[in-house]
Amino acid sequence: MEVRARAPGKIILAGEHAVVHGSAAVAAAIDLYTYVSLRFPTPEDNDEELKLHLKDMGLEFSWPVGKIKETMPELGGVPGSIPSYSLEAMKAIASLVEEQSIPEDNTGLISGISAFLWLYTSIHGNKPAKAVVTSELPLGSGLGSSAAFCVALSAALLSLSSDSVKLDFNHQGWQVLGKSELELVNKWAFEGEKIIHGKPSGIDNTVSTYGNMIKFKSGELTHIKTNMPVKMLITNTKVGRNTKSLVAGVSKRALKHPIAMVSIFNAVDSISNELSEIIQSPISDDLVITEKEEKIAELMEMNQGLLQSMGVSHTSIETVIRTTSKYKLSTKLTGAGGGGCVLTLLPTLLSGTVVDKVVAELVSCGFHCLVAGIGGRG
Ligand code: MEV
């Protein structure tokens, strides 16, 4: 038997980092996906291993199921529940990961494998299987690759308990989960994200689960309905960074300068609220779109300034800002910052020639550019 699930990446239009401290943020799914397939051996295969194949990276890991049972005797696979963390369980996971040969200096990979083991064993016990992961998302660059992995894995695991899952087909042939199933997937994926990122807000797994565009504040999700075409150029600076340490850095700054940082978080909250209102308000003609785009551009610039004050910008991000501002375009980082991906608003009336020129200049700086569809399916 084989099950296959996919989940999209995301961009954050406003509010990253501040969202961890209770401010509102606005995020949208993009039409780049991570795919997870789970294949279960038949008794004739005589395969007693749990395997994880990260196809794009050319890496494969495996654990005899007997070893998993011995190391994690408490985990039994209780559908619908995730055992709460214990130091003991985390130590057991760490010992299973340590046994694998993992390329050095790869904390992101180690935490991803740990999240896989935790989610798989918690939900499905210690049954043998082969998980194959492929992704259209660049890894660790702010486009939500880890959340998409956790969501796709959780959805694949959920679809195994077919009795409780009501599935629908969308036009592309993918089965769509119902409301309560999505809630469960989101909850499980959040547990995986905690292993990977420490103290995430939950926005990445939520937008990857539900898709489209959302406003997110203190764990609460509001769907944003819009007919406004928001087109963004996504520039990948290719500068690697670690979300966990960037999030921890902002928290450290907030402890050091609580009054100033609370003012910054409040300003971001207002930016996200205004942005979501602009995007949702009705459009009567092209003039309205242009006015709205000008406002969105200004809000993005303000948000970027505040992100800089939080200490999460980077020289590569500043280079993108300098380049795009020559063309009067507005740019902000997206996700955790410190490198990674950057968003530039492409107004509706902007000519294709200008876009080509901007892209050529950014590519000559060593960056990679893409225009992804915004608001894809979760
Ligand atoms: C990362 O995509 C977004 C952050 O705000 C972290 C989080 O919300 O968990 C930086």
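Residues numbered from 1 in each chain as written. Predicted model: local features only at pLDDT ≥ 70, side-chain atom pairs only at ≥ 80, totals over all residues.

**A word on the overall build of the protein**
On a plain count of helices and strands, the protein comes out with eleven helices and 13 strands. Taken over the C-alpha trace, the protein has a radius of gyration of 21 Å; the compact-globule value for 378 residues is 21 Å, and the two agree within 12%. When the 378 residues of the protein are sorted by exposure, 45% land in the buried category. Long-range contacts, defined as pairs at least 24 residues apart, comprise 75% of the intrachain contacts of the protein with a sequence gap of at least 6. (Helix = DSSP H or I, 4+ residues; strand = E, 2+ residues; numbered from the N terminus. Rg over C-alpha atoms; globule rule 2.2 N^0.38 Å. Buried ≥ 20, exposed ≤ 12 C-beta atoms within 10 Å, placed from the backbone. Contact = placed C-beta atoms within 7 Å.)

**Thoughts on the site of the ligand**
Taken together, 14 residues lie around the ligand, and Glu-16, Pro-200, Ser-201, Gly-335 and Ala-336 are the ones closest in. Contributing elements (two or more residues each) for the shell around the ligand: helix H6 (203–210) and helix H7 (243–256). Across the shell around the ligand, the residue classes break down as seven nonpolar, five polar and two charged. (Near = placed C-beta within 6 Å. Nonpolar A, V, L, I, M, F, W, Y, C, P; charged D, E, K, R; others polar.)

**Details of the domain arrangement of the protein**
Segmenting the protein into domains produces domain 1 (2–223) and domain 2 (232–370). Centre-to-centre separation of domain 1 and domain 2, based on C-alpha positions: 28 Å. Taken together, the 26 residues of domain 1 in the interface contact 30 residues of domain 2. For the side of domain 1 that touches domain 2, the secondary-structure elements that each account for two or more residues are strand E1 (2–14), strand E2 (25–39) and helix H3 (107–124). Sort the elements by how many residues they give to the side of domain 1 that touches domain 2 and E1 lands first, with four residues. Taken together, the residues that form the side of domain 1 that touches domain 2 break down as eleven nonpolar, twelve polar and three charged. (Domains from an automatic or database assignment.)

**A few points about the nonpolar core**
Counting 103 residues, the largest nonpolar core has Ile-11, Ala-25, Ala-27, Leu-119 and Ala-152 as the members making the most contacts within it. Here this core takes eleven residues from helix H4 (residues 145–158), the largest share from any one element. Counting residues domain by domain, this core receives three or more from each of domain 1 (2–223) and domain 2 (232–370). (Core = buried A, V, L, I, M, F, W, Y, C linked by C-beta atoms within 7 Å.)

**Some points on unusual backbone geometry**
A positive phi angle, near 55°, is found at Asn-46, a position not held by glycine. With respect to the helices and strands, Asn-46 occurs in the loop between E2 and strand E3 (49–54).

**Focus on the UniProt feature "domain: GHMP kinase C-terminal" (unreviewed entry) in the protein**
On the UniProt side, "domain: GHMP kinase C-terminal" (unreviewed entry) is annotated at positions that read residues 294–347 here. Between the end C-alpha atoms of residues 294–347 there is a gap of 8 Å, over a span that is 52% helix and 15% strand. (UniProt positions renumbered as here; feature names shortened; annotations may be inferred.)

**Quick look at helix H5 (residues 179–197)**
For H5, with 19 residues, the first-to-last C-alpha span of 26 Å sits near the 27 Å given by 1.5 Å per residue. Directly beyond the C-terminal end of H5, a positive phi value near 85° is found at Gly-198. (Expected span 1.5 Å × (residues − 1).)

**What about the sheet that holds strand E13 (residues 368–370)?**
Spatial strand order, E11-E12-E10-E13: four strands in an open sheet with antiparallel pairing. Sheet topology places strand E11 (331–333) and E13 at the edges, where each strand pairs with a single neighbour. Ignoring which end each strand starts from, the neighbouring axes of this sheet average 25° apart. As paired strands, strand E10 (residues 232–236) and E13 are joined by three bridges and run antiparallel to one another. Within E13, the residue paired with Ile-234 across the bridge is Leu-370. (Pairing = 2+ DSSP bridges. Axes fitted to C-alpha atoms, helices over the stretch in contact; angles between N-to-C directions.)

**Quick look at the pairing of strand E5 (residues 129–135)**
Strand direction decides the pairing type here: E2 and E5, joined by six bridges, are antiparallel. Along E5, the bridge assignment pairs Thr-34 with Ser-135. When E3 meets E5, the two strands line up parallel, connected through five bridges. Each residue of the ladder has a partner; that of Leu-54, found in E5, is Val-133.

**Looking at H6**
The buried fraction of H6 amounts to eight of the eight residues, a majority that puts the element mostly inside the structure. Against E1, E2, H4, H5, strand E8 (213–217) and strand E9 (220–223) lie the buried residues of H6.

**Regarding the packing of H4 against H6**
It is at 8 Å that the axes of H4 and H6 come closest, and there the two elements cross at 55°. Judged on the interaxial angle alone, H6 and H4 are oblique. For the pair H4 and H6, the sense of crossing is right-handed. For the pair formed by H4 and H6, the contact residues are Ala-147, Ala-148, Cys-150 and Val-151 on the first element and Asp-204, Asn-205, Ser-208 and Thr-209 on the second. In the contact of H4 with H6, the residues fall into four nonpolar, three polar and one charged. (Parallel < 35°, antiparallel > 145°, perpendicular 65-115°, else oblique. Left-handed = near helix turned anticlockwise from the far one by under 90°.)

**Re the packing of H4 against H5**
Here H4 crosses H5 at 135°, and the two axes come no closer than 8 Å. With respect to H5, the axis of H4 lies oblique. Crossing of H4 over H5 shows right-handed handedness. In this structure, H4 contributes Ser-146, Ala-147, Cys-150, Val-151, Ser-154, Ala-155 and Leu-158 to the contact, and H5 contributes Glu-181, Leu-184, Val-185, Trp-188, Ala-189, Gly-192, Glu-193 and Ile-196. Looking at the contact of H4 with H5, its residues break down into ten nonpolar, three polar and two charged.

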